[in-house]
Each structure stands twice: as C-alpha cells, then as structure tokens.
Amino acid sequence: MSTLEVQAIACGYGDLRVVTDATLSVDAGSVTALLGRNGAGKTTTLRAIAGLNRITSGRATLDGADLATMPAYRRARAGIAYVQEGKRIFRSRTVEENLLLGTYAASSTTRGRELMGEMYERFPLLAERRKLRAAQLSGGQQQMLAIAQALIADPRVLLLDEPSAGLAPAIVGQVLDVIRDLRTRGLAVLLVEQAVEFALAAADRVVVLNLGRTVHSGHATDTGLREAIQRAYMAED
Ligand code: ATP
C-alpha cells in the first residue's frame, strides 16, 4: 500500500466540481508528479488532499486512514505538509521566525529545536541568513525557506505546488536537488508542476490530469508518457 492513495476523488469550490475523477498514489521515498495544463485541477487536488477543499466522492487515505473525515489541522498532524504556490512565508519576519512558526506543528518543543538545527544543516544558506527578513532573500532562497518551514513539522508526505515557478534557471537545479534529497530521506513527495522537464527530472511516477480526470498514470521512464502528456496539453475542452 502506498503512503498516500487517492482513488477517483471529486472536489471543487462550493457547487463547482473542478476535479471529477483524480487517482494517484505516492510511496514513501518517491516522488509523484501531477502534470496537466492550466486549469486541469492540479492545485485543487492538492488542496483537497491537504484538507482545504472538500472531497465530495472517492477516497483519499494516508497509510490506510481515511482523510475525508479529518480537518486540515489533523491531516497536518498526521504527516501531510503543503507548500502552496507563491511561497507562503512571512516576508516581514526573519528566516528564524519563519522556521520557528513551523516548529509549532512538531510533536514537542525539544523535537522542534532539533528539527530547526537539522534545517540549518540541510540549508546552510538559511543558517547564514537566519537574522535577515524573508523579503531580503532571493526567490530561490524563499522557496527553500517555504520547504524548510514545511519540513520542520517532520511530515511524511510533502505536497509541493509549482516549486520551480518564477525561479531563475540556475536556482531551479538547487530546488531539484532538494526534492531528490527528500526522496532519499524517505518522504513521499507529490509535486505539481507546469514545467514538464523539471517534473520528469524529479519524479518516479507521473500522473497526468486533464479536465479534472486522471488520463495517464505510470513510471516516469515509461514509453508513451510523453505522448500522453502531449495529448493532455493539446486536448480540446
Ligand atoms: P494552474 O496551473 O493554472 O494553477 P491547475 O491545474 O492547478 O492549473 P486549478 O488551480 O486546480 O488548476 O484550477 C482548476 C479550475 O478551478 C480553474 O478553472 C479555476 O478557475 C477554478 N478555481 C480555482 N480556484 C478557484 C476558487 N477559489 N474558486 C472557484 N474556482 C476556482
């Protein structure tokens, strides 16, 4: 059984059903990329897994436990962390303050401090800049801070929405390295990306969403994957 299993879920905003049939899975120590063109429902799917949108049908489980009945804060406690697109960090606060906020979700204050130390080891750039306001960081460093803030809660599943968006090409490689490192540390990573090449470089499995439905699911090296991606990106509404 995969760490995160999503089976034929539907979700949306109020009466608007944006996603009608999304199916995907993410194993521990692996990266699943969720691809699809603008408006396909990728962000909506992540929000539904995180508990920010209601799952109206289908089933989503974390290690077998049904997510639909858990409010967002319980899903966070159960090990799901969500890094939203656009780096939801507090720009007027320092790097250290942003990380401290993340420690509130840790199991204890001691564990929170340990995790904070670990983050500074893993992201030396953030350690050097701990007293700077987040607004003073580059785009790539802010993305690292957003990821570090999510990791400090010691999650088992990390939902990453477009981590490469808006970053200079030179920095994109660093974000890719971070994602690969998370995989080797046993995290289950679900990555939403517009940048297909970035996603394919990071992912073990790829799920293609079109008009709110999973239209392809397979290994990142499968023959036929690129054709499926192309079809979904060119499909008519
Ligand atoms: P993108 O890369 O553009 O974010 P996406 O695949 O992540 O694409 P979603 O953000 O999930 O797509 O949006 C899917 C659809 O849901 C779009 O048609 C969008 O207009 C609609 N939508 C998104 N957010 C809301 C909202 N808060 N209220 C109502 N409809 C929304």
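On a predicted model such as this, the values are computed, not experimentally measured, just so you know. (Residues numbered from 1 in each chain as written. Predicted model: local features only at pLDDT ≥ 70, side-chain atom pairs only at ≥ 80, totals over all residues. Heavy atoms only, no water.)

## Concerning the overall build of the chain
A count of helices and strands for the chain gives nine helices and ten strands. Taking 237 residues into account, the globule formula puts the C-alpha radius of gyration at 18 Å, and the chain, at 17 Å, falls close to it. In terms of overall dimensions, the chain has a C-alpha envelope of 50 × 40 × 30 Å along the principal axes. A burial count over the chain gives 49% of its 237 residues as buried. Restricting the contact set of the chain to residue pairs at least 6 apart, pairs at least 24 apart contribute 69%. (Helix = DSSP H or I, 4+ residues; strand = E, 2+ residues; numbered from the N terminus. Rg over C-alpha atoms; globule rule 2.2 N^0.38 Å. Buried < 20%, exposed > 50% of the residue type's maximum accessible area, 1.4 Å probe, protein only. Contact = heavy atoms within 4.5 Å.)

## Some remarks on the nonpolar core
In this structure, Leu158 and Ile179 are the most contacted members of the largest nonpolar core, which totals 49 residues. Considering each element in turn, this core owes the most residues, seven residues, to helix 6 (residues 139-151). Apart from residues lying up to four places away in sequence, Ile179 is in contact with Val31, Leu160, Pro163, Val189, Leu191, Phe198 and Ala202. The next biggest cluster of nonpolar side chains, apart from the first, holds 28 residues, and it includes Leu4, Val6, Ile80 and Leu209. (Core = buried A, V, L, I, M, F, W, Y, C linked by side-chain atoms within 4.5 Å.)

## Quick word on the layout of surface pockets
The calculated volume of the largest pocket comes to roughly 550 Å³. Looking at the largest pocket, it is lined by 21 residues, and the ones nearest its centre are Ala76, Ala81, Tyr82, Gln149 and Ala150. Listed by contribution, the elements that provide at least two residues to the lining of the largest pocket are helix 2 (72-78), strand 6 (80-83), helix 3 (95-103) and helix 6. (1 Å grid on protein atoms, 1.4 Å probe; cavity = no way out; pocket = protein on both sides within 12 Å on 5 of 7 lines; lining within 4 Å. Points joined across faces, edges and corners; volume = space filled by probe spheres on them.)

## Quick word on the site of the ligand
Of all residues adjacent to the ligand, which total 13 residues, the nearest are Gly39, Lys42, Thr43, Thr44 and Gln194. For the ligand, a nitrogen atom lies 3.4 Å from a polar atom in the side chain of Tyr13. A distance of 2.8 Å separates an oxygen atom of the ligand from a polar atom in the backbone of Thr43. Notes on the ligand: free accessible area 630 Å², of which the protein chains cover 58%. Elements supplying a minimum of two residues to the shell around the ligand: strand 2 (16-26) and helix 1 (42-50). Broken down by element, the shell around the ligand gets its largest block of residues, three residues, from helix 1. Residue composition of the shell around the ligand, grouped by class: four nonpolar, six polar and three charged. (Near = heavy atom within 4 Å. Polar contact = N/O pair within 3.5 Å; in protein donor to acceptor, adjacent residues only side chain to side chain. Areas by Shrake-Rupley, 256 points an atom, 1.4 Å probe, with all protein chains shown as cover. Nonpolar A, V, L, I, M, F, W, Y, C, P; charged D, E, K, R; others polar.)

## Looking at the confidence of the model for the chain
Looking at the chain as a whole, the pLDDT averages 91, with 97% of positions reaching at least 70. Two summary scores accompany this predicted model of the complex, namely pTM at 0.93 and ipTM at 0.95. (pLDDT = per-residue confidence, 0-100.)

## Describing the side chain of Thr61
Relative to the helices and strands, Thr61 resides in strand 4 (residues 55-62). Aside from chain neighbours lying at most four places away, what touches Thr61 is Thr3, Leu4, Glu5, Asp66 and Leu67.

## Some remarks on the packing of aromatic side chains
Under the definition given, this model contains zero aromatic pairs. The cationic tip of Arg130 hangs over the ring face of Tyr120; the distance from NZ or CZ to the ring centre is 4.1 Å. (Phe/Tyr/Trp six-rings, centres within 6.5 Å; stacked < 30°, edge-to-face > 60°. Lys NZ or Arg CZ within 6 Å of the ring centre and 35° of its normal.)

## Some details on the side chain of Asp161
Counting through the fold element by element, Asp161 comes out in strand 7 (residues 157-161). For the buried Asp161, no salt bridge is present, and the opposite-charge side chain at shortest range is Lys42, 7.2 Å distant. Polar side-chain contacts of Asp161 include one of 2.9 Å to the side chain of Thr43. (Lys, Arg positive; Asp, Glu negative; His and termini not counted. Salt bridge = Lys/Arg side-chain N within 4 Å of Asp/Glu carboxyl O.)

## Overview of a nonpolar patch on the surface
On the surface, Phe90, Leu101 and Tyr104 cluster together to form a nonpolar patch covering roughly 360 Å² of accessible area. Within the element layout of this structure, Leu101 appears in helix 3. (Patch = residues over 30% accessible without salt bridge, like charges linked within 9 Å, V, L, I, M, F, W, Y side chains within 5 Å.)

## Side note on the pairing of strand 10 (residues 213-219)
Direction of pairing for strand 9 (residues 205-210) relative to strand 10: antiparallel, over a ladder of six bridges. Looking across to strand 10, one finds that Val208 is bridged to His216. Taking the residues that link successive antiparallel strands as the turn, the strand 9-strand 10 hairpin has two residues, and the phi of Leu211 there is positive, at about 50 degrees. (Pairing = 2+ DSSP bridges.)

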